[in-house]
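The chain contents come next:
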Amino acid sequence: MKKWLKLALVVLIVSAFVLMALASGSSKTDNSGSNSHSETRTEKPDSSNETEETGNEATEEAQDKDIYKVGDTYQDKNLRMVYMASGVFESDNSYLQPDDGNVYIFLRFFVENIGSSDKNVSSFDFECYADGYNCDSFYSGDEALSATLSPGRTTTGCVYFEVPEKAEEVEVEFEADVWSSDKVKFAYEGEKDSGYVPEVNDSETVDSYKPGDVVETKELKITFISVENSESDNMFVQPKDGNHYVTFSFEFENISKSDVLVSEFSFDCFADSSACESAFFRDDDLGSVTLSPGRKTQGTVTFEVPDSAKVVELEYDEVSLFGNRIVFSAK
Amino acid sequence: MGGKRPVVTTAALAFGFLMLGVLCYVFFNHETYLSHVLPQFGIPFPRSSSGSLFHRIAIGYAADLLWAAAMPLAIQTVLQLKGKKQVWLALSVVVGCGYELSQKAGWIAGTFDWIDLIVYSVGTVLSLWIIHKIWR
């Protein structure tokens, strides 16, 4: 074979591999295309008749903008966020009311982890500015955005702020990258709803663990004892309409040679891939306990899941080099 | 080994590693188009439990390792280097690691993962060992 032909072939091979790597990388990090058909726009529920639809469809593809408005989608290599709606939040708690001349506002987001590692999203990642002045966050809203999302998981929630009623320009900044301090701006637009409704993703994890299974990690032997629906007899701790509580029971045994922390906060629950809120009302809650080598503990973790959920999965975040997640199935 | 046998074996291995890598990526990565298309035809797509060894290997790094191993094999099929000249194939690790480091620098899209660096290196070393065995 001639030298120039060999050289050309080598360059071709290297280019092909680089292109392949780029393609696989972009599908991991910029999968707006793959997501675009996993979401739909549906009619707004009757219950939200106080809000005004924008008349614009929620944009299915991410855009690079200076400031995002209701219906826009922001996307980086880790997260895809759809700005679903904004409006005024009325607190029904007489002790939690805004100062005179102020109102509580909310911005609702759908967030999907499109990266390859766990991501935390919460109200603490957002700051609000009314006419350039920083505003207080309000953390007692009933749909607060707060979740740890493993890759592919989603959540929907609101961030709340107390702003002057007469503020002309309210902007909310999201810290997209802690390291670079890059900020993404969202404009508060009063009562607006894009009508965006994410499509249900009810695909099951193929090798999830079922009740009765025993999982051994480097440090722990975890026995998945049972899963059951449960009810709270505390009148202040009740599921929202259309939801119910699901309780998972476990036994943990420390099989390592050093102390291991076991905590209910290491669990995240997903109903049809969407994050669920944890509930704390049972006496046998797992809590947090440090196990000496050879010691055991038993306990439960409880989450509030929608009645309509087809697939309910609990993930245990094993803190380790690989950041493993062990998936337990409720069905 | 003489004649065309080493070339054919090397080419077959390069192709095999490449295809295995593609299969790993396509069938076990829940972010591929396949994972969205199959459920539309009523075929459940498996989303692997990230807690298992299977997840760590198949989804996390196997595809990268197989692709990294395939590249020196493919180049050797063309160049047919012998003896100490095969050391030059080790430069192919620059492509994999360079790609990963470019992610860290923010020059290209993607998430930097230092384990990927190890995986690319292991894939290349594995490939060089195979080449050495076949072409000695």
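Sequence positions are assigned chain by chain, starting from 1 and proceeding in written order. For naming, the first written chain is A and the first written ligand is 1, with later ones following in the order written. Only residues with pLDDT of at least 70 get local features here, since the model is predicted, and only at 80 or more are side-chain atom pairs given and counted; chain-wide, interface and lining totals rely on the full set of residues. Each side-chain value is worked out from all heavy atoms of the structure, with water and hydrogens disregarded.

**Points about the overall build of chain A**
We count a stretch as a helix when DSSP gives it H or I for four or more residues in a row; a strand needs E for two or more, and each element gets its number in order from the N terminus. When helices and strands are tallied, chain A shows two helices and 25 strands. The burial tally for chain A puts 46% of its 331 residues in the buried class. Put simply, chain A shows about 17100 Å² of open surface, and 48% of that area lies on carbon and sulfur atoms. Buried means the residue's accessible area, taken with a 1.4 Å probe over protein chains only, is under 20% of the maximum for its type, while exposed means over 50%, and partly exposed covers the values in between. Accessible surface is estimated by sampling points in the Shrake-Rupley manner with a 1.4 Å probe; for residues, cover comes only from the protein chains shown.

**Brief notes about the side chain of A:R108**
Residues and elements named next belong to chain A. Turning to its location among the elements, R108 is positioned in strand β5 (residues 102-113). Polar contact is the term for a pair of N or O atoms within 3.5 Å; when the atoms are in protein, one must be able to donate a hydrogen and the other to accept it, and sequence-neighboring residues count only if both atoms are side-chain atoms. Polar contacts involving the side chain of R108 include one to the side chain of E143, which spans 3.0 Å. Not counting the four nearest positions on each side in its chain, R108 is found in contact with V82, Y83, M84, A85, E143, T156, G157 and C158. The contact definition used throughout considers only heavy atoms, calling two residues in contact when any of these lie within 4.5 Å.

**Thoughts on the sheet that holds strand β21 (residues 277-279) of chain A**
All names here are of chain A. Spatial ordering of the open sheet is given by β15-β16-β17-β23-β21, a layout of five strands whose pairing is antiparallel. The open sheet has two edge strands with one neighbour each: β15 (214-216) and β21. Neighbour to neighbour, the strand axes of the sheet diverge by 35° on average, direction disregarded. Only strands that DSSP links by at least two bridges are regarded as paired with each other. Between the N-to-C directions of two axes lies an angle of 0 to 180 degrees, each axis being a line fitted to C-alpha atoms and, for a helix, fitted only over the stretch in contact.

**Things to note about the confidence of the model for chain B**
Residue and element names in this part refer to chain B. Each residue gets a pLDDT score, which is the predictor's confidence in that residue and runs from 0 to 100. Overall, the prediction assigns chain B a mean pLDDT of 76, with 70% of residues at 70 or greater. Helix α2 (residues 33-40) is the least confidently modelled element of chain B, averaging 59 in pLDDT, while helix α5 (residues 114-135) averages 87, the highest of any element. Here residues 47-52 is a poorly scored stretch, pLDDT under 50, and it has 30 contacts once near neighbours within four places are set aside; other chains count.

**A look at the nonpolar core**
Residues and elements named next belong to chain A. Each nonpolar core is a collection of buried residues, namely Ala, Val, Leu, Ile, Met, Phe, Trp, Tyr and Cys, held together in the definition by side-chain atoms within 4.5 Å. Core analysis: the biggest nonpolar cluster contains 30 residues, and L107, F109, F126, V163 and F186 have the highest contact counts within it. Every element with two or more residues in this core is listed here: β4 (79-89), β5, β7 (126-130), β9 (146-149), β10 (154-164), β11 (170-177) and β12 (182-187). Top contributing element to this core by residue count: β5, with five residues. Setting aside chain neighbours within four positions, we find F126 in contact with M81, F109, S137, L145, V159, F161, V172, E173, F174 and F186.

**Describing the packing of helix α4 (residues 92-105) of chain B against α5(B)**
All names here are of chain B. Direction vectors running N to C along α4 and α5 enclose 170°, while the axes themselves pass 9 Å from each other. Relative to α5, α4 is oriented roughly antiparallel. Side by side, α4 and α5 meet where S92, V93, G96, C97, Y99, E100 and L101 of the first sit next to D116, L117, Y120, S121 and T124 of the second. As a working rule, the residues Ala, Val, Leu, Ile, Met, Phe, Trp, Tyr, Cys and Pro are called nonpolar, Asp, Glu, Lys and Arg charged, and the rest polar, with Gly in that last group. Classifying every residue of the contact of α4 with α5 by side-chain character gives six nonpolar, four polar and two charged. Angular relationships are summarised with four words: roughly parallel below 35 degrees, roughly antiparallel beyond 145, roughly perpendicular across 65 to 115, and oblique for the angles in between.

**Notes on the state of the cysteines**
All names here are of chain A. When two cysteine sulfur atoms lie within 2.5 Å, the pair is treated as a disulfide. According to the stated counting rule, one finds zero disulfides over all chains in the structure shown. Here C128 stays unpaired: no disulfide links it, and the sulfur of C135, its closest cysteine neighbor, is 4.1 Å away. Given the relative accessible area of 0%, C128 is considered buried. Counting only cysteine sulfurs, C276 is the nearest neighbor of C269, a cysteine outside any disulfide, at a range of 4.2 Å.

**Section: α4(B)**
By this rule the span expected of a helix is its residue count minus one, scaled by 1.5 Å. Compared with an ideal rise of 1.5 Å per residue, which puts 14 residues at 20 Å, α4(B) spans 20 Å between its outermost C-alpha atoms and is within 8% of the ideal. Positive backbone phi, at 80°, marks B:G106, one or two positions downstream of α4(B).

**Description of the pattern of salt bridges**
Residue and element names in this part refer to chain A. Whenever Lys or Arg places a side-chain nitrogen within 4 Å of a carboxyl oxygen from Asp or Glu, that contact is recorded as a salt bridge. Tallied over the full model, the rule gives 13 salt bridges over all chains. Ionic pairing is found between D202 and K310, a salt bridge with its closest N-O pair at 3.5 Å. Taken together, the residues D202 in the loop between β14 (196-198) and β15 and K310 in the loop between β23 (296-306) and β24 (312-317) connect sequence positions 108 residues apart. D268 serves as the salt-bridge partner of R325, at 2.9 Å between the closest nitrogen and oxygen.

**Let's talk about unusual backbone geometry**
All names here are of chain A. Backbone geometry places D272, a non-glycine residue, at a positive phi of 50°. Secondary-structure assignment places D272 in the loop between β19 (267-271) and β20 (274-275). What makes D272 buried here is its relative accessible area of 12%. Phi at S273 is positive, roughly 75°, even though this residue is not glycine. Examined against the element boundaries, S273 turns out to sit in the loop between β19 and β20.

**Some thoughts on the side chain of A:S232**
Residues and elements named next belong to chain A. Tracing the chain through its elements places S232 in the loop between β16 (220-230) and β17 (243-254). With a relative accessible area of 10%, S232 lands in the buried category. Looking at S232, its side chain comes within polar contact range of the main-chain nitrogen of N234, at 3.1 Å. Once you skip the residues sitting within four places of it in the chain, S232 turns out to touch V237, Q238, Y245 and F281.

**A look at the environment of A:I222**
Note on placement: A:I222 falls in strand β16. What A:I222 contacts, discounting residues up to four positions off in sequence, is A:D213, A:V214, A:V215, A:T217, A:F250, A:E251, A:F252, A:Y316, A:I326 and A:F328.

**Some words on a nonpolar patch on the surface**
Patches here are clusters of residues that have more than 30% relative accessible area and form no salt bridge, with a 9 Å joining cutoff for like charges and a 5 Å cutoff for nonpolar side chains (Val, Leu, Ile, Met, Phe, Trp, Tyr). There is a patch of nonpolar side chains on the surface, built from B:W88, B:L91 and B:V94 and spanning about 360 Å² of accessible area. With respect to the helices and strands, B:V94 occurs in helix α4.

**Thoughts on the packing of aromatic side chains**
What describes a pair of aromatic rings is the distance from one ring centre to the other and the angle between the planes of the rings. The rule is short: rings of Phe, Tyr and Trp, with Trp giving its six-membered ring, pair when the centres are within 6.5 Å, and they are stacked under 30 degrees, edge-to-face over 60, tilted in between. For the structure shown, the criterion picks out 25 aromatic pairs over all chains. Here a set of aromatic residues connected by ring pairs shows up, and it is made of A:Y209, A:F224, A:F248, A:F250, A:F252, A:F267, A:Y316 and A:F328.

**Notes on the pairing of strand β8 (residues 133-137) of chain A**
Residues and elements named next belong to chain A. One ladder, built from three bridges, connects β7 with β8; its direction is antiparallel. Residue A130 lies in a different strand from β8, and its bridge partner there is Y133. Examined bridge by bridge, β8 and β10 share two bridges and lie antiparallel to one another. Each residue of the ladder has a partner; that of D136, found in β10, is E162.

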